[in-house]
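# Descriptive structure summary
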Amino acid sequence: KNEVEQSPQNLTAQEGEFITINCSYSVGISALHWLQQHPGGGIVSLFMLSSGKKKHGRLIATINIQEKHSSLHITASHPRDSAVYICAPSSVGNTGNQFYFGTGTSLTVIP
Amino acid sequence: EAQVTQNPRYLITVTGKKLTVTCSQNMNHEYMSWYRQDPGLGLRQIYYSMNVEVTDKGDVPEGYKVSRKEKRNFPLILESPSPNQTSLYFCASSLYGRFPDTQYFGPGTRLTVL
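The notes below deal with the structure included here. (Residues numbered from 1 in each chain as written. Chains lettered and ligands numbered in written order. Predicted model: local features only at pLDDT ≥ 70, side-chain atom pairs only at ≥ 80, totals over all residues. Heavy atoms only, no water.)

### Observations concerning the overall build of chain A
- Secondary structure summary: chain A contains 0 helices and 11 strands in total.
- Mapped from its N terminus to its C terminus, chain A presents α and β elements in the order β-β-β-β-β-β-β-β-β-β-β.
- Expected size for 111 residues packed as a compact globule is a radius of gyration near 13 Å; at 14 Å, chain A falls within 12% of this value.
- Each principal axis of the C-alpha atoms in chain A carries an extent, and together these give about 45 × 25 × 25 Å. (Helix = DSSP H or I, 4+ residues; strand = E, 2+ residues; numbered from the N terminus. Rg over C-alpha atoms; globule rule 2.2 N^0.38 Å.)

### So, the pairing of strand β6 (residues 52-56) of chain A
Residue and element names in this part refer to chain A.
- Where β6 and strand β7 (residues 59-64) come together, 5 bridges link them in antiparallel fashion. Opposite Lys 55, over in β7, you have Ile 60 as the bridge partner.
- Adjacent in sequence and paired antiparallel, β6 and β7 are bridged by 2 residues, among which Gly 57 carries a positive phi angle near 60 degrees. (Pairing = 2+ DSSP bridges.)

### Digging into the side chain of Ser 82 of chain A
All names here are of chain A.
- Relative to the assigned elements, Ser 82 resides in the loop between β8 (69-74) and β9 (83-93).
- Relative accessible area serves as the criterion here: at 17%, Ser 82 is assigned to the buried category.
- At 2.9 Å, the side chain of Ser 82 and the backbone nitrogen of Val 109 are in polar contact.
- Not counting residues up to four positions away in its chain, the partners in contact with Ser 82 are His 38, Pro 39, Leu 107, Thr 108 and Val 109. (Buried < 20%, exposed > 50% of the residue type's maximum accessible area, 1.4 Å probe, protein only. Polar contact = N/O pair within 3.5 Å; in protein donor to acceptor, adjacent residues only side chain to side chain. Contact = heavy atoms within 4.5 Å.)

### Some details on the interface of chain A and chain B
- Contact residues are listed per partner, giving 21 residues for chain A and 23 residues for chain B.
- Counting the surface lost from both chain A and chain B, the interface buries some 1,800 Å², and carbon and sulfur atoms represent 54% of this.
- Remark: the boundary between chain A and chain B carries 0 salt bridges.
- Here chain A and chain B share 1 residue pair in polar contact (both at pLDDT 80 or more) between them.
- Put simply, the parts of the chain that give the side of chain A that touches chain B at least two residues each are β4 (31-37), β5 (43-49), β9 and β10 (96-99) of chain A.
- Classifying every residue of the side of chain A that touches chain B by side-chain character gives 8 nonpolar, 13 polar and no charged. (Buried area = accessible area lost by both parts, 1.4 Å probe. Salt bridge = Lys/Arg side-chain N within 4 Å of Asp/Glu carboxyl O. Nonpolar A, V, L, I, M, F, W, Y, C, P; charged D, E, K, R; others polar.)

### Topic: the packing of aromatic side chains
- Here the structure, examined in full by the defined rule, presents 6 aromatic pairs over all chains.
- Centre to centre, the rings of Phe 90 of chain B and Phe 105 of chain B are 6.4 Å apart; their planes meet at 85 degrees, and the pair counts as edge-to-face. In this pair, Phe 90 of chain B sits in strand β9 (residues 87-94) while Phe 105 of chain B sits in strand β10 (residues 104-105), placing the two residues 15 residues apart along the sequence. For the residue pair Phe 90 of chain B and Phe 105 of chain B, the accessibility class agrees, reading buried in each case.
- An aromatic cluster is defined as three or more aromatic residues linked by ring pairs; in this entry it consists of Phe 99 and Phe 101 of chain A together with Tyr 35, Phe 90 and Phe 105 of chain B. (Phe/Tyr/Trp six-rings, centres within 6.5 Å; stacked < 30°, edge-to-face > 60°.)

### Focus: the environment of Val 54 of chain B
All names here are of chain B.
- Here Val 54 shows up in strand β6 (residues 54-57).
- Sequence separation of Val 54 and Ser 87 is 33 residues, and the distance between their C-alpha atoms is 25 Å.
- Residues contacting Val 54, with those up to four places away along its chain left out, are Tyr 48 and Ser 49.

### Here's the deal with the pattern of salt bridges
- Here the structure, examined in full by the defined rule, presents 4 salt bridges over all chains.
- The residue Asp 81 of chain A makes a salt bridge to Arg 58 of chain A at a minimum N-O spacing of 2.9 Å. Of the two residues, Asp 81 of chain A sits in the loop between β8 and β9 while Arg 58 of chain A sits in the loop between β6 and β7, which places them 23 residues apart along the sequence.
- A residue is classified by how much of its surface remains accessible, and Asp 81 of chain A, at 5% relative accessible area, is buried.
- Exposure remark for Arg 58 of chain A: the relative accessible area of 24% places this residue in the partly exposed category.
- Among the salt bridges present, the one from Glu 79 of chain B reaches Lys 65 of chain B, with a minimum N-O distance of 2.9 Å. You can see Glu 79 of chain B sitting in the loop between β8 (76-78) and β9 and its partner Lys 65 of chain B sitting in strand β7 (residues 65-66), a full 14 residues away along the chain.
- Each of Arg 36, Asp 38 and Arg 44 of chain B takes part in one network of salt bridges that share partners.

Structural data, given as structure tokens:
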């Protein structure tokens, strides 16, 4: 079973384009994280959100708890945005934080 | 510099030869976790720890052991590695385990078991 679905799986864009990556999940969550994994393999956390919208520079993340859906937007995309973006909902239970992970969206931005 | 470190970064070994991958964080985080990443499967949680001497199984714990004797360290032990444990492994930590919190990831350890 797939508790987290991301789309698209692969995305190629021209520099400057507006990009949207979608994430749907089936589990009840406390928060949702967006992660970025660069070609070298390292993973960094971009956002943690539990409602509404957050913005960091050219990146915007939104979440709709009722619809169990989140989106990551990149405005004015740049080749350095090329990476894999991973959606990771989490829930906090008696045994602590449980993370679920999508399989990622591979983004390539062409100059 | 605040960071999560893992060693070794790359390891090639043979079936059955015990190995340990170390993980250390210098941020006084309570929560630490191990994940493996495989093509098409994404990240999967192996074990996690809420605090010293408190560990619990994740989704794929078979074939792995962990210990948390000190807050900063969370080693992953493969007593008898097998080829299906060939993977990219990440250690991560966060300040809290019982509240939604940002995770900080180590650089990854690429393990090949022949």
